[in-house]
Amino acid sequence: MAGQERIEQPRLEKLSRILNRGIEPYPYSFRRTHTSKEALELFTQTGSSQQPAETAELSLAGRITASRFMGKVAFFDIRDGSGRIQVFFRRDSLGDAKYELLHDLDIGDFMGVEGSLFKTKTGEITLSANDFTILAKSLLPLPEKWHGLVDVEKRYRQRYLDLIANEDVKELFITRSKIINSIRDYLNTRGFIEVETPVLQPMYGGALARPFITHHHALDQDLYPRIALELYLKRLIIGGFDKVYEIGRVFRNEGISAKHNPEFTMLESYEAYVDYNGVMEMTENLVCTVVKKLLGRTQINFAGEVIELNPPWRRLPLRQAIKDKCGLDFMDFKDAGSLRAQMEKMGMQVDPLKDKGRLIDELLSTYVEPELKQPTFLIDYPVEMSPLAKKHRADERLVERFEAFIGSMEVANAFSELNDPQEQRARFHQQREMHAAEVERAKAAGELPETEMIDDDFLLAMEHGMPPTGGLGIGIDRLVMLLTDKQSIREVILFPQLKSKEGRDEA
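Residues numbered from 1 in each chain as written. Predicted model: local features only at pLDDT ≥ 70, side-chain atom pairs only at ≥ 80, totals over all residues. Heavy atoms only, no water.

Student: Help me out: how do you make sense of the overall build of the protein in this one?
Tutor: Helices and strands together make up the secondary structure of the protein, namely 16 helices and 18 strands. Across the 507 residues that make up the protein, the buried fraction comes to 50%. The long-range fraction of contacts in the protein, counting pairs at least 24 apart against all pairs at least 6 apart in sequence, stands at 67%. Looking at the protein as shown, the accessible area adds up to about 24,300 Å², and 49% of this sits on carbon and sulfur atoms. (Helix = DSSP H or I, 4+ residues; strand = E, 2+ residues; numbered from the N terminus. Buried < 20%, exposed > 50% of the residue type's maximum accessible area, 1.4 Å probe, protein only. Contact = heavy atoms within 4.5 Å. Areas by Shrake-Rupley, 256 points an atom, 1.4 Å probe, with all protein chains shown as cover.)

Take a look at the structure:
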């Protein structure tokens, strides 16, 4: 049997003895009346002495995390999803055969117990058991003998062990759930409708990113796991929904780092009749509202910095931000070649196939982003960087776009959305021309290019009329990183992508 060599022989012997007694070690269910937390609260309400509380008999269930035998009595700790409770067993109450069965249980097994509550001489609320049921026999020990799992790669590869061994990790993911629920509450209260759009799409778009690819055999058609939620949500604005949002997974075939995972969770929202100024106000209010609900304050601690999230956040033009940090004004350069030459003079190593927009993005990430610790909206980006954004009303070389940065990390991206279908079609074609060399390089390497596809179906929808719209994207994983003071995105994703490794299933 594959993996059989990993199983500890003493546990197999105990399993055999349990089976020989005619006991099913993996029953179908168990009637649990209370969680451990509910049981402790119940005693607090009804019991005050060392005698059993005057309550009906209760039944609890959970994983054994400690056991102590003292002759004719034993104490076990069991843990369920709500916490831990101590269980007291007496040979006189259980009978010899049932009490001896306790010796065939190990740390990591699941059991159900029935009995009443009392308080020990040391003051610990405890269940005095008059019966128990084996619910699952574990064949492998818990990590580090319950002292905690510290190997980082093992924590990510075997997250279930991480959750068992490190209670703070479980709390982190409960916090993540609360953050997402708070975001939903905020948007629902503002009249947004949550929707679902296709994960597998015939065209990839809505961002500059390299996609994954799959093939649908029945349709005999290549499909792409979405790289953004944008284009389908805009179709719904066109169709008559004034406020829509989706929280969902997106997939980008890119590198892995402390801030990047190939699949991650995005919030995207679109609201008709507002521009990026309205979206800026909503973004800072949304984040502040979530933080206050979660922490009861507007300050967070992240990477050793105290960050104040109370609005209004600073608004800073991208052009000015880059000029202040490195002395370069990107508006002085008409094309990618001249900008690249200047960047090389500054000592930067630059990909010769990068267009002007991506060169500006490199200046941003190198010189500006590390300094943006307090909440900041970088606003008014060059048109080359934003094919889906509306031109700036005061300068057509720019678009009405912002990115929100907190803790030196981009957490949000938003536009006054382009709603002129003819200009949108022209922008798509301009993007393809700018990236022609990259497209050819990718094709030669058998790869998909990191550029927008021309989505004729989306353009068809736009030609039916799209109202002025403000769109927003927030990286949920990065927001959770900020609010839980974690410096790696892998810490806040339950099952992050990892490179395959021989023996990765070894305990």
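Having seen the structure, we can now continue with the description.
Student: I tried to follow the packing of aromatic side chains on my own but got confused; where do I start?
Tutor: Each pair of aromatic rings is reported with the distance of its centres and the angle of its planes. All told, the structure shown has nine aromatic pairs when counted by the stated rule. Look at F75 and F88: their rings are 5.0 Å apart centre to centre, the planes differ by 40°, and that puts the pair in the tilted class. Residue F75 is found in strand β2 (residues 73–80), and its partner F88 is found in strand β3 (residues 83–90); the two are separated by 13 residues along the sequence. When its relative accessible area of 13% is taken as the criterion, F88 is described as buried. Note on Y204 and Y224: the rings are 5.0 Å apart at their centroids and 65° apart in plane angle, and the pair reads as edge-to-face. One end of the pair, Y204, is in the loop between β7 (200–201) and β8 (214–216); the other, Y224, is in strand β9 (residues 221–225), and 20 residues separate them in sequence. Exposure class is identical for Y204 and Y224. Each is buried. An aromatic cluster is present here, built from F69, F76, F89, Y99 and F132 joined pairwise through their rings. (Phe/Tyr/Trp six-rings, centres within 6.5 Å; stacked < 30°, edge-to-face > 60°.)

Student: What am I meant to see in the environment of D80 here?
Tutor: By secondary structure assignment, the location of D80 is in strand β2. On the basis of relative accessible area, D80 is assigned to the buried category, the value being 10%. Contact partners of D80, with chain neighbours within four places excluded, come to R32, T35, S36, A61, G62 and K170. Within the structure, the side chain of D80 is placed 2.9 Å from the side chain of S82, a separation counted as a polar contact. (Polar contact = N/O pair within 3.5 Å; in protein donor to acceptor, adjacent residues only side chain to side chain.)

Student: Can you help me understand the sheet that holds β3 in this one?
Tutor: Whether parallel or antiparallel, the strands of a sheet pair through hydrogen bonds between backbone atoms. Spatially, β1-β2-β3-β5-β4 is the arrangement adopted by the five strands of the closed barrel, whose pairing is mixed. Within this sheet the neighbouring strands show an average axis-to-axis angle of 50°, counted without direction. Sheet analysis places strand β1 (residues 58–70) next to β2, joined by seven bridges and oriented antiparallel. Each residue of the ladder has a partner; that of R68, found in β2, is F75. (Pairing = 2+ DSSP bridges. Axes fitted to C-alpha atoms, helices over the stretch in contact; angles between N-to-C directions.)

Student: Teacher, can you tell me more about helix α16 (residues 476–484) here?
Tutor: An α-helical turn contains 3.6 residues, so a residue and the one three or four places further along point in the same direction. The buried fraction of α16 amounts to nine of the nine residues, a majority that puts the element mostly inside the structure. What α16 keeps buried is the set I476, D477, R478, L479, V480, M481, L482, L483 and T484. A positive backbone phi angle near 55° is found at D485, which sits one or two residues after α16.

Student: Help me understand the packing of helix α7 (residues 167–189) against helix α9 (residues 276–295) in this model?
Tutor: Each packed pair of helices is defined by two parameters, the angle between the axes and the distance between the axes. Two elements in contact, α7 and α9, have axes separated by 9 Å at closest approach and are oriented at 130°. Judged by the angle between their axes, α7 and α9 are oblique. Crossing geometry of α7 relative to α9 is assigned as right-handed. Contacts between α7 and α9 involve T175, K178, I179, S182, I183, D185, Y186 and L187 on the former and, on the latter, M282, N285, L286, T289, V290, K293 and L294. Looking at the contact of α7 with α9, its residues break down into eight nonpolar, four polar and three charged. (Parallel < 35°, antiparallel > 145°, perpendicular 65-115°, else oblique. Left-handed = near helix turned anticlockwise from the far one by under 90°. Nonpolar A, V, L, I, M, F, W, Y, C, P; charged D, E, K, R; others polar.)

Student: Please clarify how unusual backbone geometry should be interpreted in this entry.
Tutor: In most cases, non-glycine residues show a negative phi, while peptide bonds are predominantly trans. For the peptide bond that leads from P311 to P312, omega is 0°, which places it in the cis range. Locating P312 in the fold gives a position in the loop between β13 (305–308) and β14 (314–317). Positive phi values are uncommon outside glycine, yet D380 reaches one of about 65°. Looking at the element boundaries, D380 is found in strand β15 (residues 376–382).

Student: Help me understand the nonpolar core in this model?
Tutor: Where a protein is soluble and globular, its nonpolar side chains tend to be buried together. Formed by 45 residues in total, the largest nonpolar core has its most connected members in I183, L187, L267, L286, L309 and F402. If we skip the residues at most four places from it in the chain, L286 touches I183, Y186, L187, L267 and I474. Grouped together as the second largest cluster of nonpolar side chains are 39 residues, F330, L378, V383 and F405 included. (Core = buried A, V, L, I, M, F, W, Y, C linked by side-chain atoms within 4.5 Å.)

Student: How do you make sense of helix α13 (residues 421–434) when you look at a structure like this?
Tutor: Taking 1.5 Å as the rise per residue, α13 with 14 residues should run 20 Å; its terminal C-alpha atoms sit 20 Å apart, in good agreement. Those residues of α13 that are buried lie in contact with β16 (398–406) and α15 (456–462). The backbone nitrogen of Q422 has a side-chain oxygen 3.0 Å away, supplied by the residue at the start of α13, namely D420. (Expected span 1.5 Å × (residues − 1).)

Student: I keep staring at the pairing of β16 and nothing clicks. Help me out?
Tutor: Within a regular strand, side chains alternate between the sheet's two faces. Extensive coverage of β16 is indicated by the burial of nine of its nine residues. Every second residue of β16 is oriented toward a common face, with L398, E400, F402, A404 and I406 on one face and V399, R401, E403 and F405 on the other, all of them buried. Here β15 runs beside β16; their pairing, made up of six bridges, is antiparallel. Looking across to β16, one finds that T376 is bridged to F405. As judged from the six bridges shared by β16 and strand β17 (residues 409–416), these two strands associate in the antiparallel manner. Its bridge partner being in β17, R401 is matched across the sheet by F415. Linking β16 back to β17 in an antiparallel pair, the connection comprises two residues, with G407 at a positive phi of about 60°.

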